[in-house]
Amino acid sequence: MSGNTETFNFQAEISQLMSLIVNAVYQNKEIFLRELISNASDALDKIRYQSLTDPSVLDSGKDLKITIVPDAANKVLIIRDTGIGMTKADLINNLGTIAKSGTKAFMEMVQETKDASMIGQFGVGFYSAYLVADEVEVISKHNDDEQYIWRSSAGQNFTVTRDTVNEPLGRGSEIRLHLKDDLTEYLEERRIKDIVKKHSEFISYPIHLVYQKEVEKEVPVEETEEAVDEEKDENKAKIEEVDDEGEDKEDKPKTKKVKENETVDEELNQTKPIWTRNPDSIQQDEYNAFYKSLTNDWEDPLAVKHFSVEGQLEFRSILFTPHRAPFDLFEGKKKRNNIKLYVRRVFIMDDCEELIPEWLNFVKGIVDSEDLPLNLSREVLQQNKILKVIRKNLVKKCVEMFTEIAEDKDNFNKFYEAFSKNIKL
């Protein structure tokens, strides 16, 4: 390592959070992978959005994907993305010195429930890495900066070093988790596949698993080995076979079977986007899985509305009502991350204020338009007539969803308790 390493102290709340995660006993440790894949997907969203107005940002790598590489020999699990990457300042601020607003709320809740599975809802999902790892390294390359390494074994501080030792990433981030001795199950091919299927099947970028697999191959027997075999057969009676007339005798090369390690690159999430499918063909548990991957919620939704609109304009949407209100529902600074906007299956943004009125900011979901332009700017959005029609339809469908909730008294009581303030607004 080069000598340009700088050491920084974690912000006090983050230090407490990491201590809580490292020392407490949680049942559901596997959620770390969901959180890191979700963060990687967000980083890919950001670079793809930038590329709509400036295609040159993808000169550093056009292939947008997430790659998981288990390194069993070194007990390291690698999660790599080709997203926007982080500058040196991003690494310092985002991973240590500036606490997210949800840090304290998450700590209070997790001490009460002993369940870390909702960590992503509070904006601190990265630190779930310490559920399974003693040490975490983040190697990152942003288009506007050099490649840097962030490293920490939790505790009070972390280091940031200009990277002169690793392969250039081109662009994006690589997280290396040095797994705890008793948690090497997360290096197993089957375990990783199960977790990705359970939590991250609907991520809209390819998730690749690159692993070593033992395969049996036939290889030619070398001449020296043949000579040894012939020596062994010297004392055996030889039976000569007479060929049929006109048939050529073929000398087939001798082979033997050996076991070799082969590198396999397998795509894990080839599922068609759920909103493009016919609602009649979708089971409730598929909606629940999609909702959890979309929102990082740990509970199933209270209600779902899946519909398409055709005619003068065309779009598809799935809307969800959560079981409970998020902790920061009425925070003024809160990013309105409720409805993700897609155009022809391409993610555009997740905080489009023109898409849904503020009183419905608790409704989660996606909208996929066939008619909006891909290179949407915020100025264009504010003037866009198509968006006004989509908004009108979303409000109408939300009201229909609430009416359906009201048909079940218990569900309506839960809904009213959680969101009556919004409805009254």
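The numbering scheme is per chain: residues are counted from 1 as the chain's sequence reads. Given that this is a predicted model, residues contribute local features only at a pLDDT of at least 70 and side-chain atom pairs are listed and counted only at 80 or more, while totals for whole chains, interfaces and linings are drawn from all residues. Side-chain metrics rest on all non-hydrogen atoms present in the structure, leaving aside hydrogens and water.

A.B. asks: So what's going on with the overall build of the chain? Which residues, and what values?
C.D. replies: Secondary structure follows DSSP: runs of H or I at least 4 residues long count as helices, runs of E at least 2 residues long count as strands, and numbering of each begins at the N terminus. Helices and strands together make up the secondary structure of the chain, namely 10 helices and 14 strands. Accessibility here uses a 1.4 Å probe with only protein chains present; expressed as a share of the type maximum, an area under 20% marks a residue as buried, one over 50% as exposed, and anything in between as partly exposed. The proportion of buried residues among the 425 residues of the chain is 46%. Note on contacts: a residue pair qualifies if any of its non-hydrogen atoms lie within 4.5 Å across the two residues. Restricting to contacts in the chain with at least 6 residues of sequence separation, those with at least 24 account for 73%. Method for areas: the Shrake-Rupley scheme with a 1.4 Å probe, in which residue coverage is limited to the protein chains shown. Split by element, the accessible area of the chain, about 22800 Å² in all, is 45% carbon and sulfur.

A.B. asks: Requested: an account of the environment of aspartate 45, with residues and values cited.
C.D. replies: With respect to the helices, strands and loops of the structure, aspartate 45 is situated in helix H2 (residues 31–53). Look at aspartate 45 and you get buried, because its relative accessible area is 7%. Linking aspartate 45 and leucine 64, residues 19 residues apart in sequence, is a C-alpha distance of 9.2 Å. Residues contacting aspartate 45, with those up to four places away along its chain left out, are Tyr205, Lys340 and Phe347.

A.B. asks: Give me the lowdown on the pairing of strand E2 (residues 66–71), citing residues and values where you can.
C.D. replies: E2 sits mainly inside the fold: five of its six residues count as buried. In the sheet, E2 pairs with strand E3 (residues 76–81) via six bridges, with the strands oriented antiparallel. Its bridge partner lying in E3, threonine 67 is registered against arginine 80. Following E2, the chain reverses through four residues before pairing antiparallel with E3; lysine 75 in that reversal takes a positive phi of roughly 55°. The pairing criterion is simple: DSSP has to find at least two bridges between the two strands.

A.B. asks: Which residues make up the sheet that holds strand E10 (residues 303–309), and what values do they have?
C.D. replies: On the basis of which strands lie adjacent, the open sheet formed by five strands has the order E10-E11-E14-E12-E13 and mixed pairing. The outermost strands of the open sheet, each flanked by one partner alone, are E10 and strand E13 (346–349). Mean inter-strand twist for the sheet, computed between neighbouring axes without regard to direction, equals 20°. When strand E12 (residues 339–343) meets strand E14 (residues 364–369), the two strands line up parallel, connected through five bridges. From the neighbouring strand, isoleucine 339 faces E14, where its bridge partner is glycine 365. Contacts between H2 and the sheet are confined to E12 and E13, with E13 contributing the most and set at about 85° to the helix. Structural elements are reduced to axes, namely lines fitted to C-alpha atoms, with helices fitted over the stretch in contact, and the angle between N-to-C directions of any two is expressed from 0 to 180 degrees.

A.B. asks: How would you summarise the packing of H2 against helix H5 (residues 189–199) if you had to cite specific residues and measurements?
C.D. replies: Running from N to C, H2 and H5 point in directions that differ by 65°, and their axes come no closer than 9 Å. Seen from above, H2 lies across H5 with right-handed handedness. Residue-level contacts link Ile31, Leu33, Arg34 and Ile37 of H2 to Ile192, Ile195, Val196 and His199 of H5. Residues are grouped as follows: nonpolar covers Ala, Val, Leu, Ile, Met, Phe, Trp, Tyr, Cys and Pro; charged covers Asp, Glu, Lys and Arg; every other residue, Gly included, is treated as polar. Of the residues assigned to the contact of H2 with H5, the class counts are six nonpolar, one polar and one charged. The handedness criterion is simple: a crossing whose near helix is rotated anticlockwise from the far helix by less than a right angle is left-handed, and one whose near helix is rotated clockwise is right-handed.

A.B. asks: Describe the sheet that holds strand E9 (residues 255–267), naming the residues involved and giving the relevant values.
C.D. replies: Spatially, the nine strands line up as an open sheet ordered E1-E6-E5-E4-E7-E3-E2-E8-E9, and their pairing is mixed. Edge positions in the open sheet fall to strand E1 (6–9) and E9, since each of these has one partner strand only. The sheet shows a mean angle of 20° between the axes of neighbouring strands, direction not considered. The strands touched by H5 within the sheet are E2, E3, strand E8 (207–220) and E9, with E8 carrying the most contacts at an inclination of about 145°.

A.B. asks: Can you explain unusual backbone geometry? Please cite residues and give values.
C.D. replies: Non-glycine residue lysine 75 carries a positive phi angle of around 55°. Mapping lysine 75 onto the fold places it in the loop between E2 and E3. In this model, alanine 154 sits at a positive phi of 65°, which is unusual for a non-glycine residue. Mapped onto the secondary structure, alanine 154 falls in the loop between strand E5 (147–152) and strand E6 (157–162). The exposure class assigned to alanine 154 is buried, which follows from its relative accessible area of 9%.

A.B. asks: Describe the nonpolar core, and please don't skip the residues or the numbers.
C.D. replies: Proteins that are soluble and globular tend to have nonpolar side chains buried together. Among buried residues, the Ala, Val, Leu, Ile, Met, Phe, Trp, Tyr and Cys ones that are joined through side-chain atoms within 4.5 Å form a nonpolar core. Formed by 64 residues in total, the largest nonpolar core has its most connected members in Val136, Trp150 and Leu177. The element that contributes the greatest number of residues to this core is H2, accounting for nine residues. In this structure valine 136 touches Phe126, Ala129, Tyr130, Trp150, Arg151, Ser152, Ile175, Arg176 and Leu177, once residues within four positions along its chain are discounted. Counting 30 residues, the second largest nonpolar core, distinct from the first, contains Phe307, Leu341, Val343 and Leu360.

A.B. asks: Summarise the environment of arginine 176; cite the residues concerned and give the values.
C.D. replies: Within the secondary structure, arginine 176 is located in strand E7 (residues 172–179). On a C-alpha basis, the gap between arginine 176 and glutamate 137 in space is 5.0 Å, while along the polypeptide they are 39 residues apart. Aside from chain neighbours lying at most four places away, what touches arginine 176 is Val76, Leu77, Ile78, Glu135, Val136, Glu137, Ile139 and Asn166.

A.B. asks: With reference to specific residues and values, describe the packing of aromatic side chains.
C.D. replies: For this analysis, a ring pair means two rings from Phe, Tyr or Trp (six-membered ring only for Trp) whose centres lie within 6.5 Å, classed as stacked if their planes differ by under 30 degrees, edge-to-face if by over 60, and tilted for the remaining angles. Considering all chains together, one arrives at 19 aromatic pairs under this definition. Seen in terms of ring centroids, phenylalanine 32 and tyrosine 186 are 5.2 Å apart; in terms of plane orientation they differ by 80°. Their pairing is edge-to-face. You can see phenylalanine 32 sitting in helix H2 and its partner tyrosine 186 sitting in the loop between E7 and H5, a full 154 residues away along the chain. Given a relative accessible area of 0%, phenylalanine 32 falls into the buried group. Residues phenylalanine 412 and phenylalanine 415 carry aromatic rings whose centres are separated by 6.1 Å and whose planes lie at 40° to one another, so their mutual orientation is tilted.

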